[in-house]
Amino acid sequence: MAVGFEDYGPDCDSMRITAFLDIPGQDNLTPLARLEKYAFSENVFNRQIIARGLLDVFRDFSNNEEDFLTVMEIVVRLSEDAEPTVRTELMEQIPPIAIFLQESRPKFPTAFFEYLMPIVVRYLTDVNNQVRKAGQEALLILLEQDLVAQSDIENKVCPILLDLSAPDSDDEYKVEAVNIICKMASMLSRTTVEHMLLPRFCELCSDGKLFQVRKICAANFGDICNAVGQEATERLLIPKFFELCSDSVWGMRKACAECFMAVSYTTSPEVRRSKLSPLFISLISDTCRWVRQAAFQSLGPFISTFANPSSAGLYIREDGTLSIRPPAQDVNSNPCQPSNNVTVMSSSANAALSSSEQPMEIKPESSTEETSAEAHTKLSEDLNKNSLEQSSDCCGSPAEDASGSCQGDTGAEGSKQSSFPGLSSGLPPAEDVFNTFLYWRPPLPDISQDLELLQVKAEKHNDGCSVPCNNCVASSEIKKVLESLQEHIDDPDVQAQVQVLSAALRAAQFDSVGDCDTKKMEESGDNLQNKMILDETVVSDAACNQVQGDTLSSPASQDDISDQSSTSVLKSTDSEEQHRGSSVFLRKEQENNPPFEDDKSKLQDIIPQPLLDQYLSMTDPARAQTVDTEIAKHCAYSLPGVALTLGRQNWHCLKDTYETLASDVQWKVRRTLAFSIHELAVILGDQLTAADLVPIFNGFLKDLDEVRIGVLKHLYDFLKLLHADKRREYLYQLQEFVVTDNSRNWRFRYELAEQLILILELYNPNDVYDYLRHIALTLCSDKVSEVRWISFKLVVAILQKFYANSASALGLNFINELVVRFRHCSKWVGRQAFAFICQAVVEEECMPVDQFVEHLLPSLLSLASDPVPNVRVLLAKALRQTLLEKAYFKSVGNPHLEAAEETILALQSDRDQDVSFFATIKLKQDNMDNITIEKQN
């Protein structure tokens, strides 16, 4: 030991480093002197060992203040060691030493701040890279444990980091400094970050010299936003975020896309909708595939930041599960009353959805009609007049039915007023509503004055020709708008708007086909007339009927609603041309409902429509080729969050996408949906679940085991949301879970048994006896022991179900079946199972004691003569640990107590040691307790 620690070797972490200090050696030195000797030995290995064992040294010398201070001085001198490995070892010990000193603060209140904290700060500028990294990690640990004083942070740590990250600083130091600034921001107070670190962070975001610095800033941008709060984020950080999102290096843009949700979460809804949404669209259409891939992966999470519990009607519990909002906090669902939390349009649509048997039909007073542009004002007014004149010949629109419950008079004068009290105040101003023209497309020429002029001229025409003339005028004006957009036709958003106006042009032309002046229509649209089909005439009629209902809205929003009508006409027509004949369901919808109604459901106002359009496009096979092969999986993963954001009133926007994902060829996509279908059922409610999710759920039941396990793990959660009659249909299908693709997949059957224990409460005793009983007994005979043991608990739960619901006859029949199947089983595992079941029955008290002693106890006691010791062992456990501990068997004069005691005595003298041990262990424990009590007395 006089030489050093060479005998210990390099791997001496487990040894007590200070042990050598107590060994008397040839040097005749005290332990403290010996510590100092080896701490400054010429042998590097000795110094490393001392640095590694400093925590033990402090523990041994903390009782004496003088010795403790001496050790502290040794540590300070050791921190100046020329060998980087020694300094690294020392720095790795600083956090545990600081925690120890924190616990011993009454003895050494300022030791850490006076001696150790300066070492940590100094190591941040060490010349050795490894030492600096150790210092940075130690600093983060100290900050996380709240061991650094606020004064030290502001006066020592932050100034050093600001110097290291200065523009003229070394590149390597600057990269490390910005990294530590970003990581420590979440651990500091908001005031400290905002006043000391935020200005430098903003400068670093614009660092034109090192892209590594900007990339670190982009990757941690969300954490910085969360640290400084909403006001500072919107005032200082959002402009920098825009710069990073348009950086020339694709890695920066990719990092911004990955943290987009965190940034959005910190901003206000207005900034999120008006600024971040267009920015995200630019990332999702980036020229770099990796940026687009990251953006699409973040699209669902970003959409989820638009969620509003007041409109969704759901809230998240502390355990993370979804729950329906209590009625007192529910969104007002009466279509005749305004809501304080959301607009009247939105709440009325929600009510209509929850009470309708056809949940896909969305009422025209839905909030999706509130967002539109003003470019089609004249066209909308013409369509309104046309629809009013044809109202006697056409069936009433859903808007007329909804408004009829609130207003008795829906005449021409009343059609210009809102059918809801307080509607004008409930709707946001037109300039504040999200508008695709304002945010996504180049500005269009202002033709409002021309349209008003034309409207005055059109009103002078006679009643018979007013509608077609107005439609012709509207067509010519739309043509002018289309011509003005031709110079921007390369923009995809402008192309979409051209399609909208083209569809509106076709609708206006067809309105005049059956009236007085067909010739004018032919002159204005001769090129488009040849492409028209009969279904588009139906679309036009539906648009007229719809706009007639929309005239019941307030004048402030009437123009916006009309524009959405035009947009929906186009979408419905395109959808029919692409998907005609694709399924029976679509054909029925086309027969029963106008195409306008069907495709208008793709619109909503919860989130910007382009975001939803991009999300719905994630199921497009072309996306898998150009963006990411697993883009459909990302879409499926985030779909519950998107559905929660949109609310059940807008489920129609996601229904087709969900059905597409449910039939995806990749089983990973279907598996993702299977694991979340129960959460989606909570979001949608029982009616939409029965209509749209149950068929998909049924398909998952027949899928691969990798998909079925997702359904199985939450089978109870899904079934409990269904109505009793619908739930009963699954009784027979439950037995299909017993059969798996791979018989070795025993965990699948184990999960089934666990779910069946929960599912028992959903069915009546007769159904349990007829269907679930057979599954339980089949699982009890499984080849895998784990499955059998959980199945025995299922059997006990079934027995408890019978007696809890006064179905004693079913319980008795089940007991007789258990006796025959298990007590008289030819295999010893069956007889062992019978003992376990009887023990569990007594523990759970799932049946009356008199019934147990009459029907089960005699068969249980007869196992005492079983030839297999494992059976007798379980019998001894059941009797000694459970049965004889019950008050019923402790009562004096119990006729069954004697038989149980005789069986115990026989088992205590059993030839097998394990049987006799478990038969007497409880008795020995009682004796030990009695001896202890006597000694205490």
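Values in this document were obtained by computation on a predicted structure and should not be read as measured data. (Residues numbered from 1 in each chain as written. Predicted model: local features only at pLDDT ≥ 70, side-chain atom pairs only at ≥ 80, totals over all residues. Heavy atoms only, no water.)

### Overview of the overall build of the protein
Item 1. On a plain count of helices and strands, the protein comes out with 50 helices and two strands.
Item 2. Contacts in the protein between residues far apart in sequence, at least 24 positions, make up 71% of those at least 6 positions apart.
Item 3. Accessible area of the protein: about 42600 Å², with a carbon and sulfur share of 50%. (Helix = DSSP H or I, 4+ residues; strand = E, 2+ residues; numbered from the N terminus. Contact = heavy atoms within 4.5 Å. Areas by Shrake-Rupley, 256 points an atom, 1.4 Å probe, with all protein chains shown as cover.)

### Points about the environment of Leu704
Item 1. When you line up the elements, Leu704 lands in the loop between α36 (667-701) and α37 (705-713).
Item 2. A residue is classified by how much of its surface remains accessible, and Leu704, at 37% relative accessible area, is partly exposed.
Item 3. Between the alpha carbons of Leu704 and Thr740 there is a distance of 8.7 Å; along the sequence they are 36 residues apart.
Item 4. With sequence-adjacent residues up to four places away left out, Leu704 is seen in contact with Trp667, Arg670 and Asp741. (Buried < 20%, exposed > 50% of the residue type's maximum accessible area, 1.4 Å probe, protein only.)

### What to know about the confidence of the model for the protein
Item 1. For the protein, per-residue confidence averages 74 on the pLDDT scale, and residues scoring 70 or more make up 65% of the total.
Item 2. Counting contacts from residues 923-937, a segment whose pLDDT is below 50, to residues more than four positions away or on other chains yields two contacts. (pLDDT = per-residue confidence, 0-100.)

### Comments concerning helix α8 (residues 150-164)
Item 1. Taking 1.5 Å per residue as the helical rise, α8 with its 15 residues ought to reach 21 Å, and the 20 Å between its terminal C-alpha atoms agrees with that figure.
Item 2. Approximately 35 degrees is the largest bend angle found in α8, and it occurs at Cys158, with the proline Pro159 only one to four residues beyond.
Item 3. For α8, the full list of buried residues reads Asp152, Ile153, Val157, Cys158, Leu161, Leu162 and Leu164.
Item 4. Turning to α8, the residues buried within the fold contact α6 (111-123), α7 (129-144), α9 (171-184) and α10 (190-205). (Expected span 1.5 Å × (residues − 1). Bend = angle between axes of the 7 residues up to and from the residue.)

### A word on the side chain of Asp207
Item 1. One can find Asp207 in the loop between α10 and α11 (211-219).
Item 2. Note on Asp207: relative accessible area 11%, which makes it buried.
Item 3. Within the local environment of Asp207, its side chain forms a polar contact with the backbone nitrogen of Leu210, the two atoms lying 2.9 Å apart.
Item 4. When residues no more than four places from it in sequence are discounted, the contact partners of Asp207 are Lys174, Val213 and Arg214. (Polar contact = N/O pair within 3.5 Å; in protein donor to acceptor, adjacent residues only side chain to side chain.)

### Quick notes on the nonpolar core
Proteins that are soluble and globular tend to have nonpolar side chains buried together.
Item 1. Counting residues in hydrophobic clusters, the biggest one holds 222 residues, and the most contacted among them are Phe221, Phe241, Tyr615, Phe852 and Leu860.
Item 2. With 16 residues, α36 is the largest single contributor of residues to this core.
Item 3. When near neighbours in sequence (up to four residues on either side) are disregarded, Leu860 contacts Phe834, Ala835, Cys838, Phe852, Leu875 and Leu879. (Core = buried A, V, L, I, M, F, W, Y, C linked by side-chain atoms within 4.5 Å.)

### Quick look at the packing of aromatic side chains
Item 1. Counted under the stated rule, the structure contains 21 aromatic pairs.
Item 2. Ring geometry for Phe792 and Phe822: centres 6.2 Å apart, planes at 85 degrees, overall edge-to-face. Of the two residues, Phe792 sits in helix α42 (residues 785-804) while Phe822 sits in helix α43 (residues 808-823), which places them 30 residues apart along the sequence. We note that Phe792, like Phe822, is buried.
Item 3. Between Phe792 and Phe836, the aromatic rings sit 5.9 Å apart at their centres with planes inclined by 50 degrees, giving tilted as the arrangement. You can see Phe792 sitting in helix α42 and its partner Phe836 sitting in helix α44 (residues 828-844), a full 44 residues away along the chain. (Phe/Tyr/Trp six-rings, centres within 6.5 Å; stacked < 30°, edge-to-face > 60°.)

### Some points on the packing of helix α16 (residues 269-284) against helix α17 (residues 289-304)
Item 1. One can describe the packing of α16 onto α17 by two numbers: an axis separation of 8 Å at closest approach and a directional angle of 145 degrees. Two secondary-structure elements touch here, α16 through Arg272, Leu276, Ser277, Phe280, Leu283 and Ile284 and α17 through Val291, Arg292, Ala295, Phe296, Ser298, Leu299 and Phe302.
Item 2. A per-class count over the contact of α16 with α17 returns nine nonpolar, two polar and two charged. (Axes fitted to C-alpha atoms, helices over the stretch in contact; angles between N-to-C directions. Nonpolar A, V, L, I, M, F, W, Y, C, P; charged D, E, K, R; others polar.)

### Points about unusual backbone geometry
Item 1. Its identity as a non-glycine residue notwithstanding, Asp146 has a phi of 55 degrees, on the positive side.
Item 2. Inspection of the secondary structure assignment puts Asp146 in the loop between α7 and α8.
Item 3. Among the residues examined, Asp146 registers a relative accessible area of 63% and is labelled exposed.

### Here's the deal with the pattern of salt bridges
Item 1. Applying the stated criterion to the full structure yields 28 salt bridges.
Item 2. Asp171 is the salt-bridge partner of Lys209, the closest N and O atoms lying 3.3 Å from each other. Within this pair, whereas Lys209 is found in the loop between α10 and α11, its partner Asp171 is found in helix α9, the two being separated by 38 residues in sequence.
Item 3. With relative accessibility at 57%, the residue Lys209 sits in the exposed group.
Item 4. Each of Arg132, Glu172 and Glu176 takes part in one network of salt bridges that share partners. (Salt bridge = Lys/Arg side-chain N within 4 Å of Asp/Glu carboxyl O.)

### Describing α9
Item 1. Between the first and last C-alpha of α9 there are 20 Å, a value that for 14 residues agrees with the 20 Å anticipated at 1.5 Å per step.
Item 2. Within the span of α9, buried status applies to Tyr173, Lys174, Glu176, Ala177, Val178, Ile180, Ile181, Cys182 and Met184.
Item 3. Buried-residue contacts for α9 involve α7, α8, α10, α11 and α12 (221-228).
Item 4. One side-chain oxygen of the residue at the start of α9 lies 3.1 Å from the amide nitrogen of Glu172, identifying that residue as Asp170.

### Things to note about the side chain of Arg727
Item 1. Along the polypeptide, Arg727 turns up in helix α39 (residues 724-728).
Item 2. One buried charged residue, Arg727, forms no salt bridge at all, with the nearest opposite charge on Asp725 at 8.0 Å.
Item 3. Non-local contacts of Arg727, meaning those with residues more than four positions away in its chain, are made with Leu719, Lys720, Leu722, Leu762 and Tyr763. (Lys, Arg positive; Asp, Glu negative; His and termini not counted.)

### Some points on the environment of Leu863
Item 1. Positionally, Leu863 belongs in the loop between α46 (857-861) and α47 (869-882).
Item 2. For the pair Leu863 and Thr903, spaced 40 residues apart in the sequence, the C-alpha separation amounts to 9.4 Å.
Item 3. Among residues more than four places away in sequence, those in contact with Leu863 are Arg823, Arg831, Phe834, Ala835, Val871, Arg872 and Leu875.

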